[in-house]
Every structure is written in structure tokens, then in C-alpha cells.
Amino acid sequence: MKKPVTPPPNTLPAPGALRISRFVWILAGVLFLGFAANLAFDVFEVHPLDLGPLALVVLLAVAGIAICFLAVRLWKGERSARAQLTWIGLIAALPTLLRMGRYSILAAVVLLAVLLMWTPASIKYFKLTSPKASKK
């Protein structure tokens, strides 16, 4: 019995939900960076050396850079990027969404991107492009 031949990665067409998710992740990364810049400009004009807002600016900026980096890896079809973005999305977005602050829109965007990565068509795509290593 012959093993089915799978085409090399990135030659399979990505499902629509995954394409939308890729753009939403890039948007989320840019929004994280934008919120960090906005907070930096708003707070540091009035109080130049407050540690709390500085820590939040650094956290938002690092999250934005990490999300953009992982979104590029997701664009390449890497399964590990999907898992890492899922964890980042769930850990960062659920508490933020439940708090309903001004960052809840960003949290909703991130949760939408997580949801789109786990549609049945996206799961099938990752099984073909980035299969799990078999256990022996």
C-alpha cells in the first residue's frame, strides 16, 4: 500500500479562516504596539518616571513584537506558531476581555484570531503542511 504523497509546505492553499486569522494576528500585533506608543505618549508627558505605566508600555511592546513574529511564522504554516499564539491569546485576552477596560477591543480581536485558527479547515491544513512527529 502506497503512502499518500503530500505536497511540500506552502503549496497548499490556506483555508479562508486561516488567511483571515493571519491578518487579524498582524493587526493585533500592530494594535499592541500602537497601544504601547499611545500609553507612552499620554503618561510620560505628565509623569516622566512612573514605574507602573513604564512596565505596561514594555509589556505591550514586547507582546506586539512577539505576536508579529509569531504571525509571520503562522504565515509560513508552522504548527508551533499556532500553538504559541493560542496560548498567548488565551492567557492575555481572556482576563482583559472580562475586565472590560479600554483594551477589551484588542482582547476581542485576539480571541477572534484564536477562534479562526482552530476551525476544522485550518486543523486539516496544519495536519498536511506541518504534521506531528510520529511516536515510536
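Criteria and thresholds
- Every chain is numbered on its own, with residues counted from 1 as its sequence reads.
- With the structure being a predicted model, the display of local features is reserved for residues of pLDDT at least 70 and the display and counting of side-chain atom pairs for 80 or more, all residues being used for whole-chain, interface and lining totals.
- The basis for every side-chain value is the complete set of non-hydrogen atoms in the structure, without hydrogens or water.
- Only DSSP runs of H or I covering at least 4 residues are called helices, and only runs of E covering at least 2 are called strands; the numbering of each starts at the N terminus.
- C-alpha atoms define the radius of gyration, and 2.2 Å times the number of residues to the power 0.38 defines the globule rule.
- Think of it in three bands: with a 1.4 Å probe and only protein chains considered, a residue is buried below 20% of the maximum accessible area for its type, exposed above 50%, and partly exposed in between.
- Note on contacts: a residue pair qualifies if any of its non-hydrogen atoms lie within 4.5 Å across the two residues.
- Where accessible areas are quoted, they stem from the Shrake-Rupley method and a 1.4 Å probe; at the residue level, only the protein chains shown are allowed to cover.
- Neither His nor the chain ends contribute to the count of charged residues, in which Lys and Arg are positive and Asp and Glu negative.
- By convention, charge coordinates are those of NZ in Lys, CZ in Arg, CG in Asp, or CD in Glu.
- Whenever a carboxyl oxygen of Asp or Glu lies within 4 Å of a side-chain nitrogen of Lys or Arg, that contact is scored as a salt bridge.
- As used in this structure description, the phrase polar contact means that two N or O atoms lie within 3.5 Å; if the pair is within protein, one of them must be able to donate a hydrogen and the other to accept it, and residues adjacent in sequence are counted only when both atoms belong to side chains.
- When two rings of Phe, Tyr or Trp (its six-membered ring) have centres within 6.5 Å they constitute a pair, described as stacked for plane angles under 30 degrees, edge-to-face for angles over 60, and tilted for the intermediate range.
- A positively charged side chain is recorded as over a ring if its NZ (Lys) or CZ (Arg) lies within 6 Å of the ring centre. The angle to the ring normal must also be within 35 degrees.

Caption draft 1: Region of interest: the overall build of the chain. Helices and strands together make up the secondary structure of the chain, namely five helices and zero strands. Counting helices and strands in the order they occur from the N terminus, the chain gives α-α-α-α-α. Its C-alpha radius of gyration of 18 Å places the chain more than 25% over the 14 Å reference for a compact globule of 136 residues. If you line up the chain on its principal axes, its C-alpha atoms span 70 × 30 × 25 Å. Expressed as a percentage of the 136 residues in the chain, the buried residues total 34%. Considering only intrachain contacts with a sequence separation of at least 6, the fraction spanning at least 24 residues in the chain is 71%. Accessible surface, the chain: about 8,900 Å² in total, of which carbon and sulfur atoms supply 74%. In the chain, 15 positive and 4 negative side-chain charges are present, and the distance between their average locations comes to 32 Å.

Caption draft 2: Region of the structure containing the side chain of Arg 79. Position of Arg 79 among the secondary structure elements: in helix α3 (residues 79-99). Buried charge Arg 79 goes without a salt bridge, the closest partner of opposite sign being Glu 78 at 11 Å. In this structure the side chain of Arg 79 is engaged in a polar contact, spanning 3.2 Å, whose partner is the backbone oxygen of Phe 126. Apart from the residues lying within four places of it in its own chain, the contact partners of Arg 79 are Phe 126, Lys 127, Ser 130, Pro 131 and Lys 132.

Caption draft 3: Structural view of the packing of aromatic side chains. Per the counting criterion, the structure on display carries two aromatic pairs. Judged by centre distance (5.1 Å) and plane angle (85°), the rings of Phe 23 and Trp 75 are edge-to-face. Taken together, the positions of Phe 23 in helix α1 (residues 16-46) and Trp 75 in helix α2 (residues 51-75) put the pair 52 residues apart, joining distant regions of the chain. Judged by relative accessible area, which is 54%, Phe 23 ranks as exposed. Of note, Arg 22 hangs over the ring of Trp 75, and the distance from its end group to the ring centre comes to 5.2 Å.

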